[in-house]
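Read off the chains here:
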Amino acid sequence: ALWCLMMSVTPTRGCLLDLPWEDILVPHILCHLPLQQLLSLQRVSKSFQSLIQLYLANMRCFDSSQIGPAIPRAAFVNLLKDNEVLQQLALQNCSDWLTDRELLPVIGQNHHLQQIQLKGCAQLSRHVLVAISLSCPNLRQLSLAHCEWVDSLSLRSLADHCKALEAVDLTACRQLKDEAICYLVQKCSRLKSLSLAVNANVGDVAVEETAKCCPELEHLDLTGCLRVKNDSIRVLAEYCPKLRSLKVKHCHNVAESSLSILRSRGVELDVEPPLQRALVLLQDAVGFAPFINLQI
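Per chain, the residues get numbers from 1 upward, laid out in the order the sequence is written. Per-residue local features of the predicted model are confined to residues with pLDDT of at least 70, and side-chain atom pairs are confined, for both listing and counting, to 80 or more; whole-chain, interface and lining totals are unaffected and use all residues. Side-chain calculation: all heavy atoms of the structure are included, whereas hydrogens and water are not.

J.: Explain the overall build of the protein to me, using residue names and the numbers behind them.
T.: Counting its regular elements, the protein contains 13 helices and nine strands. Exposure is judged per residue with a 1.4 Å probe applied to protein chains only, and the accessible area is read against the type maximum: over 50% gives exposed, under 20% gives buried, and values in between give partly exposed. Buried residues in the protein amount to 45% of all 296 residues. Pairs of residues are marked as contacts when any of their non-hydrogen atoms sit within 4.5 Å. Considering only residue pairs separated by 6 or more positions, the protein has 72% of its internal contacts joining residues 24 or more positions apart. Carbon and sulfur atoms provide 52% of the accessible area of the protein, an area that totals close to 15000 Å². Numbering goes from the N terminus for both helices and strands, where a helix is a DSSP run of H or I of at least four residues and a strand is a run of E of at least two. Each accessible area value is a Shrake-Rupley result obtained with a 1.4 Å probe; residue values ignore everything except the protein chains displayed when judging cover.

Structure, rendered in structure tokens:
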């Protein structure tokens, strides 16, 4: 596709750039090209450079993975400096180069953001989360997985200003304790998906409050939350009729006595029932699965 666009700029053919830029080229042609190819297209001519800059200023979705993991700081700033209409921003695993200095201006000028992905962006600070809460009132999905800079005060700001949140990933945000999670779910009762995985500070208090405040909850990830016990899982089963999946692997204090209630409702669990687990272990040990009447 990129080659066809470049070949269109010849004296013997009608020039592609003669087509209406904002009505045809930007919404119907350029939107189908990978971002990496669009950046290469800028080098064809000054006219193409102007066209791509127009496209970047009107881009609704930016995903850094389309360019590569290591974007030069200056290049990132230049790409989004004129854009005020972003709805989706994905910057996962950009810890090598992304800091507050590059991201805060982008957040500050884009008030229509609905989805933000910052997984693994370790060099940011709590100021980014505060900026998101103040600039993005329509935010629906936010991933902060493995962002250990997230603290209770910045999460409270998010909860106070982004009450339309439906999905939040707080995997390995180890500064957060039960009190911070409780405040979040009390303010953001529309949550459908929540991950609190890999956080030893999260326990029954947070899970029970989540269950009682978020009746629309469909997905909950508690992987590695060692303080979670059976009682909170039973509360979850009682208050969340729409729950579709629950992850409790490595939650050593959660037993089948509480999980069986959810299992009987068809909730997808990431741990096998005890008998099935025993059969798998036995098969691994002896090399075959013995015949057992499971109806007994």
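J.: Quick rundown of the nonpolar core? Include the residues and the values.
T.: The biggest cluster of nonpolar side chains holds 85 residues, and the ones touching the most others in it are Leu 222 and Leu 246. Those residues within four positions of Leu 246 in sequence are excluded, and the remaining contacts are Leu 220, Leu 222, Ile 233, Leu 236, Leu 259, Leu 262, Val 267, Glu 268, Leu 269 and Asp 270. Here, the term nonpolar core denotes a set of buried Ala, Val, Leu, Ile, Met, Phe, Trp, Tyr and Cys residues that are joined through side-chain atoms within 4.5 Å.

J.: If you had to explain the side chain of Asp 204 to someone new, which residues and values would you point to?
T.: The topology assignment puts Asp 204 in helix 10 (residues 204-213). Despite its burial, Asp 204 pairs with no opposite charge; the closest candidate is Lys 229, at 4.8 Å N-O. Not counting residues within four places of it along the chain, the set of residues in contact with Asp 204 comprises Arg 227, Val 228, Lys 229 and Ser 232. We treat Lys and Arg as the positive residues and Asp and Glu as the negative residues; His and chain ends play no part in the count. What makes a salt bridge here is a side-chain nitrogen of Lys or Arg within 4 Å of a carboxyl oxygen of Asp or Glu, nothing more.

J.: Now, about the packing of aromatic side chains: what can you tell me, with residues and values included?
T.: Side-chain rings of Phe, Tyr and Trp (the six-membered ring for Trp) are treated as a pair once their centres are within 6.5 Å; stacked means planes under 30 degrees apart, edge-to-face means over 60, and tilted covers the remaining angles. What the rule picks out here adds up to two aromatic pairs. Judged by centre distance (5.9 Å) and plane angle (65°), the rings of Phe 62 and Phe 76 are edge-to-face. Taken together, the residues Phe 62 in strand 1 (residues 61-63) and Phe 76 in helix 5 (residues 73-80) connect sequence positions 14 residues apart. Note on accessibility: Phe 62 and Phe 76 belong to one class, buried. Feature note: the residues Phe 62, Phe 76 and Trp 97 constitute an aromatic cluster, connected by ring pairs. In this structure, Arg 156 packs its charged tip against the face of Tyr 183, placed 3.8 Å from the ring centre. Geometrically, a lysine NZ or arginine CZ counts as sitting over a ring once it is within 6 Å of the ring centre and also within 35 degrees of the ring normal.

J.: Talk me through unusual backbone geometry; I want residue IDs and the actual numbers.
T.: Here the phi dihedral of His 146 falls at roughly 60°; this positive angle occurs in a residue that is not glycine. As for its placement among the helices and strands, His 146 is situated in the loop between strand 4 (141-143) and helix 8 (152-161). Here the phi dihedral of Val 198 falls at roughly 55°; this positive angle occurs in a residue that is not glycine. Counting through the fold element by element, Val 198 comes out in the loop between strand 6 (193-195) and helix 10.

J.: So what about the packing of helix 7 (residues 126-135) against helix 8? Which residues, and what values?
T.: Angles shown run from 0 to 180 degrees and are taken between the N-to-C directions of axes, each axis being a line fitted to C-alpha atoms and, for helices, limited to the stretch in contact. In the contact formed by helix 7 and helix 8, the axes pass within 8 Å of each other and the chain directions differ by 10°. Viewed along their axes, helix 7 and helix 8 adopt a mutual orientation that is roughly parallel. Only Leu 153, Ser 154, Leu 155, Ser 157, Leu 158 and His 161 of helix 8 make contact with helix 7, whose side of the interface consists of Arg 126, Leu 129, Val 130, Ile 132, Ser 133 and Leu 134. Residues are grouped as follows: nonpolar covers Ala, Val, Leu, Ile, Met, Phe, Trp, Tyr, Cys and Pro; charged covers Asp, Glu, Lys and Arg; every other residue, Gly included, is treated as polar. Tallied by class, residues from the contact of helix 7 with helix 8 come to seven nonpolar, four polar and one charged. Every angle not falling under 35 degrees, over 145, or within 65 to 115 is termed oblique; those three ranges are roughly parallel, roughly antiparallel and roughly perpendicular.

J.: Any details on empty space enclosed by the protein? Residues and values, ideally.
T.: Computed over the protein atoms alone on a 1 Å grid, cavities are sets of points where a 1.4 Å probe fits but cannot get out and pockets are open sets with protein on both sides within 12 Å along at least five of seven lines; a residue lines them when it has an atom within 4 Å of a point. Grid points are joined across faces, edges and corners, and a volume is the space filled by probe spheres set on the points. Evaluated as defined, the whole model comprises one cavity of 30 Å³ or more. Taken as a whole, the largest cavity encloses approximately 90 Å³ of empty space. A class-by-class count of the residues in the lining of the largest cavity yields four nonpolar, four polar and two charged.

J.: How would you sum up the environment of Ser 95? Please name residues and give values.
T.: Among the structural elements, Ser 95 can be located in the loop between strand 2 (88-90) and helix 6 (100-109). The spatial distance from the C-alpha of Ser 95 to the C-alpha of Gln 123 is 5.7 Å, given a sequence separation of 28 residues. When sequence neighbours within four positions are dropped, the list of residues in contact with Ser 95 reads Gly 120, Cys 121, Ala 122 and Gln 123.

J.: Requested: an account of the environment of Gln 141, with residues and values cited.
T.: For Gln 141, the location among the structural elements is in strand 4. Assessed through its relative accessible area of 36%, Gln 141 is described here as partly exposed. It is 9.1 Å that separates the C-alpha atoms of Gln 141 and Ala 164, two residues lying 23 residues apart in sequence. What Gln 141 contacts, discounting residues up to four positions off in sequence, is Gln 114, Gln 115, Ile 116, Leu 165 and Ala 167.

J.: Talk me through the pattern of salt bridges; I want residue IDs and the actual numbers.
T.: Oppositely charged side chains can pair when the atoms bearing their charge come close. Applying the stated criterion to the full structure yields nine salt bridges. For Arg 227, the salt bridge identified is with Asp 178, shortest N-O distance 3.7 Å. Of this pair, Arg 227 sits in the loop between strand 7 (219-221) and helix 11 (230-239) while Asp 178 sits in helix 9 (residues 178-187); the two residues are 49 residues apart in sequence, bridging distant segments of the chain. With a relative accessible area of 39%, Arg 227 lands in the partly exposed category.

J.: Now, about the side chain of Ser 125: what can you tell me, with residues and values included?
T.: One can find Ser 125 in the loop between strand 3 (115-117) and helix 7. Once you skip the residues sitting within four places of it in the chain, Ser 125 turns out to touch Asp 100 and Trp 149.

J.: Hey, could you go over the sheet that holds strand 4 for me, with residue numbers and the actual values?
T.: By definition, the strands of a sheet pair up through backbone hydrogen bonds, in either a parallel or an antiparallel sense. Strands are labelled as partners when DSSP assigns at least two bridges between them. One open sheet accounts for nine strands, arranged 1-2-3-4-5-6-7-8-9; its pairing is parallel. Each having just a single partner strand, strand 1 and strand 9 (268-269) make up the two edges of the open sheet.

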